[in-house]
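A structural walkthrough
One-letter residues, chain by chain:
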Amino acid sequence: MPDWFKRSKSPEVPEGAFVKCTGCNAILVTKDFERDNKVCPRCAYHHPLSANERIAMLADEDSFVEFGNDIAAIDPLTFPGYAQKLIAGHGEETGRNDGLVTGRASISARPVVLAISDFQWGRLAGTMGSVFGEKFALAADVALAENRPLITFCASGGARMQEGLVSLMQMAKTSHAVAKLRDANIPYIVVLTHPSTGGAVASYASLGDVIFAEPGATVALSGERVAAQAQTQKVPANYRTAEFALEHGMIDRVVHRRDIQSYITRTLLFMQSPSK
Amino acid sequence: MEDMTIIEFETFLVELDKNIAKLKSLAAREGDTAASNEAKQLTKERAQLVEKFFRKLTAWDKVLLARHKDRPYTLDYVAALCDDFLELHGDRAFGDDGAVVGGFARMAGRSLMLIGQQKGRDLKERQRRNFGYMKPEGYRKALRLMEMAERFSRPVLTFIDTPGADPNVPSEQRGISEAIARNLREMSVLKTPTVAVVVGEGGSGGALGLAVADRVLMLEHSFYSVIAPEGCASILYRDATRGADAAKAMRVTAQDALELGLIDEIIPEPLGGAHLDIATTAENLEQVVSKHLDALTALSIDDLLEQRGKRLRALGKFEISVERWRTAG
C-alpha cells in the first residue's frame, strides 16, 4: 500500500480543548466558551453555571465571603436514597453543604448579600430543603442587619420531595424572609436561571422587587411531565420559558448573561441613596 | 382484611350490612331466633372490625379518606357551623375562582373571614369548581378577603382541601406562581389572627397558598404533602401507581405532621371518617378552632406577628455540623 494512501495521523487535540454547544451543536473553543461565561456566541444558548462561576462573574474580585456552609441536612424522614445524595453532595470538590451558596460580597463596590443556587449539587436539582431554607433566611437576616441588598440566582426544581412536608414549609420560611426585607425597604433582586420551577417560583423567586431572567430559562410552576399531562389545549411555543413569563408580565426583563452584572448595578443605583 | 384499602373495606361493610339486614328481616318475619342471634353476632363483629381497621389505617388509607367522594367540603362545614355566611366573589382583576369560597361568617358567636377550597359533589359542580384546583384569581380573591379582614380586625379561618394549584396554560399566563408566592409573603405578616385547617387534601404549594397561619390544624384523616403521592411515586419509582409507598415514605398523615412539629393539633374524626358524621366532625372542628382563636385574639398584634415570625423562621430540620455526611462519605 503506497504511503500516501495511509490516513495521516490526526493532529493532537488536547483533552477538553473544544466543547459542543447544547443549543446549536456548534463546536466552540473551550477557552473562548469560558471567557463568554458559557454562552454560545452563535445561538446565545446559556449553558448552566456552577455557583462558583456565577459568583466569579458577578462579585468584585475576592469580595465573596461565604457563610452558612456549616449547616447540614438530617434526612428527617429517612427517605429512600436521600442519604446517598447528601453524602455525594458533601463529598463534592466545592466542599459545599447544599445547592444554595450564601455569603457577603460586593458588586461594583456596593456591599450585597448573595444567595446563589447550584443546580448540580448532590444531583438534587437545587431543591429547597431545610438547609436551603435556613441559608436563605440567614442571608435575609444578614441583609436586614447590615442594610445590604439581597440578590438571589434561582435554579431549582422546587421543594425537596425527600424532606416531605418539612420542605414545603421552606416556601413559607423564605417568603417570610422576603416580607421582612420588604418592610425594611431592603432591595431584593431575583435572577431566574434555567430551570426555575415549582416551589421556588411559587415562593421567594417570584417576590423580587425586580426579577430578571436568563434567555430561554424554563420558568414555570409545574414540571414538564405535569404540564404535559395536564394540557387540554394547545401550548404556546414559548410556554414555560423566561420569554413567556416576560410576555405575561411576570418578570421585568430577559437579560443576556454578559449584561446581568450591569443590570444589577443599575438597579442598586436606583434603589440605594448616594450615601450607601 | 389486612390488605384492603379503606375503600375496599367500605365496600365490604356494605355487603356485610346487607347480610345483617337480611338476617334481621328473616328473624322478624319468621321469628327465626337463630337468624336473630346471627344478626346480633355479626353486628358486634362489624363494630370490632371497624375499630380494628381504623386503628391500623395506613398513610394511603388516609389519602383515600381525604379524597373520599363523600368527604365533607368547606361549604358542608359552613352549613353545619355558621349562623350566617355572606359569600363574596372575585379578585377585582380577572375573575372569580369557583375552587375557593370566602366571605363573612358568624361562627360560635364570632365574626370571621372564612375562606376555603371547595371541590364539587357532582360532575357539573366539580367542573365549575375545577376539582378544587385553584387558579391565580382564586389566590388573589383569597388575599383580597384576608386583607379586608385585617383592616376590620377580624380573624381569618381557612379550610384546605385541594389536590394542588391549577397547572394549566391560562394559570401560568396569569401568574399562578406569583399569586401563591404573594399569598405566602402577605399571610406571613397579616395583622390579624389566622388559623388554617387541613380538612381533606393538603396538596403542595396549592394548599400552602392558604395555609401560612398562626395555627395550622389537621383533621384526623386528612393529609398534607409536598407533592401528590402519585407524583412522588412516578419520580421515585418511575411508577405512578405506587402512591401508597410514596405516601408512606413522605409521611403525609396528620399524625406525621404533628410529630414533625409542623402543625399544632389534630382534630378527631368520628370512627369511620368525617363523612359518616359531618355534624360531629364539624363540632369537633369548631371547638378546637375556637380554642385557638381565643388564645390568638388575646394577643396584641405585635406579639402575634412576633410569634408567627419566630415560627416561620424556625421551620426546618437541620444541624450545625456537616460531620455526619463528610465522615459517612
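Note that the coordinates shown come from a computational prediction; the quantities given were computed from them, not determined experimentally.

A few points about the overall build of chain B
The number of helices and strands found in chain B is 15 helices and nine strands. The C-alpha radius of gyration of chain B comes to 22 Å, within 12% of the 20 Å expected for a compact globule of 329 residues. For chain B, buried positions account for 49% of its 329 residues. In chain B, of all internal contacts separated by at least 6 residues, the share reaching a separation of at least 24 is 70%.

Digging into the interface of chain B and chain A
Facing the 50 residues of chain B at the interface are 55 residues of chain A. Counting residues per element, the side of chain B that touches chain A draws most heavily on helix α8 (residues 176–187) of chain B, at seven residues. Relative to strand β9 (residues 318–319) of chain B, strand β4 (residues 72–73) of chain A runs antiparallel, the two sharing two bridges. Following the sheet pairing, A72 of chain A is matched in β9 of chain B by E319 of chain B.

Re the domain arrangement of chain B
When the parts of a complex come together, some accessible area is lost, and that lost area is often used as the size of the interface. Parsing chain B into structural domains produces domain 1 (6–56) and domain 2 (68–313). With centres defined by C-alpha atoms, the gap from domain 1 of chain B to domain 2 of chain B works out at 37 Å.

Things to note about unusual backbone geometry
Excluding glycine, most residues fall at negative phi; most peptide bonds, likewise, are trans. With an omega dihedral of -15°, the bond running from H194 of chain A to P195 of chain A counts as a cis peptide bond. Assignment of secondary structure puts P195 of chain A in strand β8 (residues 188–197). One non-glycine residue, N130 of chain B, lies in positive phi territory at about 55°. Considering the arrangement of structural elements, one finds N130 of chain B in the loop between α5 (123–128) and α6 (136–151).

Quick notes on α6 of chain B
All names here are of chain B. Relative to the 22 Å expected for 16 residues at 1.5 Å per residue, α6 spans 23 Å between its end C-alpha atoms, a close match to the ideal helical length. Within α6 the residues assigned to the buried category are P136, E137, G138, Y139, R140, K141, A142, L143, L145, M146 and A149. Buried residues belonging to α6 abut β1 (82–88), β2 (100–107), β3 (110–117), β4 (156–162), α7 (169–173) and α8.

Focus: the nonpolar core
Among the nonpolar cores identified, the biggest contains 155 residues, and L150, L192 and A213 of chain A together with V197 of chain B are the most heavily contacted of them. Counting residues per element, this core draws most heavily on helix α5 (residues 164–183) of chain A, at ten residues. Beyond its immediate chain neighbours, meaning those up to four positions away, A213 of chain A contacts V191, L192, V219, A242, A245, I251 and V254 of chain A.

Some remarks on the pairing of β4 of chain B
Residues and elements named next belong to chain B. Within β4, seven of the seven residues are buried, which leaves it mostly tucked inside the rest of the structure. Neither face of β4 is open: one carries V156, T158, I160 and T162, the other L157, F159 and D161, and all of them are buried. In terms of strand pairing, β3 meets β4 through four bridges, oriented parallel. Its bridge partner being in β4, G116 is matched across the sheet by F159. When β4 meets strand β5 (residues 194–203), the two strands line up parallel, connected through six bridges. Bridge pairing links I160 to V198 in β5.

Description of the packing of helix α10 (residues 229–236) of chain B against helix α11 (residues 243–250) of chain B
All names here are of chain B. It is at 8 Å that the axes of α10 and α11 come closest, and there the two elements cross at 95°. When the interaxial angle is binned, α10 and α11 end up roughly perpendicular. Residue-level inspection shows P229, E230, C232, A233 and L236 of α10 in contact with α11, the latter providing G243, D245, A246, A247 and M250.

Here is what the cut-offs are and how they apply
- Residues numbered from 1 in each chain as written.
- Chains lettered and ligands numbered in written order.
- Predicted model: local features only at pLDDT ≥ 70, side-chain atom pairs only at ≥ 80, totals over all residues.
- Helix = DSSP H or I, 4+ residues; strand = E, 2+ residues; numbered from the N terminus.
- Rg over C-alpha atoms; globule rule 2.2 N^0.38 Å.
- Buried ≥ 20, exposed ≤ 12 C-beta atoms within 10 Å, placed from the backbone.
- Contact = placed C-beta atoms within 7 Å.
- Pairing = 2+ DSSP bridges.
- Domains from an automatic or database assignment.
- Expected span 1.5 Å × (residues − 1).
- Core = buried A, V, L, I, M, F, W, Y, C linked by C-beta atoms within 7 Å.
- Axes fitted to C-alpha atoms, helices over the stretch in contact; angles between N-to-C directions.
- Parallel < 35°, antiparallel > 145°, perpendicular 65-115°, else oblique.

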